[in-house]
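Secondary and tertiary structure notes
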Amino acid sequence: MGEVGELGGLRLGDLPGLANTVADLVGGAITIEDPQSRVLAYSRLEHEPDPMRRLTILGQEVPRWRVHELRESGFFRTLWNTDDVVRLPADGRYAERLVIAVRDSSEVLGSLWAAADGRPLAEGAAEALRTAARAAVPHLSHHRTWSRVAARAREEAVHALLEHRTYAEDSAYAARAAREAGLVPGRRYAVMVAEVHPSAVMGANPFTVVSAEVYGGRAARAVPGSSSLPGSPSLPASSSVPGLSSAHGPPSVPAPSPVSPVSPVPVSGSASEQRVLDVLALQATAYRPGCVTARTGRRLHVLVPAAGGETDPARGLLPAARSVSRGVVFTGVGPVAADLSGLPASREAAELVVRVLRERAAREPATGDRPGTGPWAVSAAAAYDEVVPEAALLRVLDRVGPLWETLSGPVHAMTEHDRAHGSAYGATVAAYLDAFGDTGVAARRLNVHANTLRYRLRRARELFGLDLDDPTVRLLADIGLRLARRTR
């Protein structure tokens, strides 16, 4: 009770006071960090700090190489997935450390780090740290609330920088937005877009989209709760981390398109999908200093700084995006923008990549033990230069789509029949065209007998007048069926 009383007497938001009080209770040096390993406060220095503590305090964040080292070892995975104290044993370079996450319900607010300060940590240090973590919640919540005001302004500035009209209407505003977003003047950036979907959605097309004007104007607003201050970096379950132990034993850690300002954007995601975006934002900010993030619905936009003549600065982030297990994530990277005015084009290219990956997944037949598993549940990532033909086709279809709706003919009749009766003539013809007329390959893709496929093709000709021996009809069928798949 005395420990709780000492901590409870602090002024709300007094993080340095909190660090000093916890240091007295634990008998060691305390650092309070946010989820991105930035230093929020540290206790007074009574002894010479070990090299890592000195580097962390002077740099106001844990050195990037150390963050990478801890991430690769699985330390952060362990920390964010346990309520208990995690022990980092002394390793000849640095003193022993006890670490605990501070969380408000499922939301991680930060962490408390206790390091041996010239003497062994107190016998009850782990229990004192657990108490301190509970008492720290209102202080870090207060800090988060005030920080999010500034973070929301930064996120809105990022959204503005990704709009074409920002540069057309007010170049001075673009410069102010860049400063607000924390971009380095003269530095080049590439835009990465990650789009999250549920991993077990059933139905004909799990990647349902709606047309929405994303960056057509200032209406694109920031999502409350900045992605630069992610709330709940919950990570996939895994085994305990070698060399790490809980205080009670090893924790089981479980080029711009002129065609349309309208981009197909997924409907707003669930809380679990937003947590996936939290993880991705956390990985992005830890990946490279200067990464800036902003959200729109189920999408996370990341501005990744390029070093020197680097042409693919986000390449190292793609494996992390593909490895997220609590959802399906499609990630695209646009080309490096020569200057700020090139950011909207990089964003458009990245969003086109996401659309390509989403449509690839939607075309794949479901496999596995139940519908919706197999290809449906696989995340994918690519850079724009890897999908140029498919991206160009999407742009062509964007232009053709409105005209197609005003026309009529055999393909229109067939797709309308499929919608009305639940038949599969369109899917059969599409598989046949994709297989270049090889009925055996097409039948295997549809998991039907070749004779069944031939019968359906014959019936499509009889019912709708669809003559696939005519090259023009084949072209129109390919266009029409691709458009039909986009609007299911």
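For the structure, check the block above.
Residues numbered from 1 in each chain as written. Predicted model: local features only at pLDDT ≥ 70, side-chain atom pairs only at ≥ 80, totals over all residues. Heavy atoms only, no water.

1. Things to note about helix α12 (residues 388-404)
- A rise of 1.5 Å per residue sets the reference length of α12, with its 17 residues, at 24 Å; its end C-alpha atoms lie 24 Å apart and thus fit the reference within 8%.
- The sharpest bend along α12 comes to roughly 30°, located at Asp398, with the proline Pro402 sitting one to four residues further on.
- Among all positions in α12, only Ala391, Leu394, Arg395, Leu397, Gly401 and Trp404 are buried.
- Buried residues along α12 sit in contact with α11 (343-363), α13 (410-421) and α17 (471-486). (Helix = DSSP H or I, 4+ residues; strand = E, 2+ residues; numbered from the N terminus. Expected span 1.5 Å × (residues − 1). Bend = angle between axes of the 7 residues up to and from the residue. Buried < 20%, exposed > 50% of the residue type's maximum accessible area, 1.4 Å probe, protein only. Contact = heavy atoms within 4.5 Å.)

2. A closer look at the nonpolar core
- Within the largest apolar cluster, 33 residues are counted, with the highest numbers of intra-cluster contacts made by Val158, Leu161, Leu183, Leu303 and Leu343.
- When contributions to this core are tallied by element, the ones reaching two or more residues are α6 (125-161), α8 (171-181), β6 (189-197), β10 (292-296), β12 (328-337), α11 and α12.
- Per-element tally for this core: the top contributor is α11, with nine residues.
- Dropping the residues within four chain positions of it, Val158 is found in contact with Ala181, Val292, Thr293, Ala294 and Leu303.
- One finds Ala19, Val102, Leu129 and Val137 within the second-largest nonpolar core, a separate group that totals 28 residues. (Core = buried A, V, L, I, M, F, W, Y, C linked by side-chain atoms within 4.5 Å.)

3. Some thoughts on the side chain of Ser43
- Note that Ser43 resides in the loop between β2 (39-42) and α3 (51-59).
- Classification of Ser43 as buried rests on a relative accessible area of 1%.
- Reaching out from Ser43, the side chain makes a polar contact with the backbone nitrogen of Ile30 at a distance of 2.9 Å.
- The residues contacting Ser43, other than those within four sequence positions of it, are Ala19, Asn20, Ala23, Ala29, Ile30 and Arg53. (Polar contact = N/O pair within 3.5 Å; in protein donor to acceptor, adjacent residues only side chain to side chain.)

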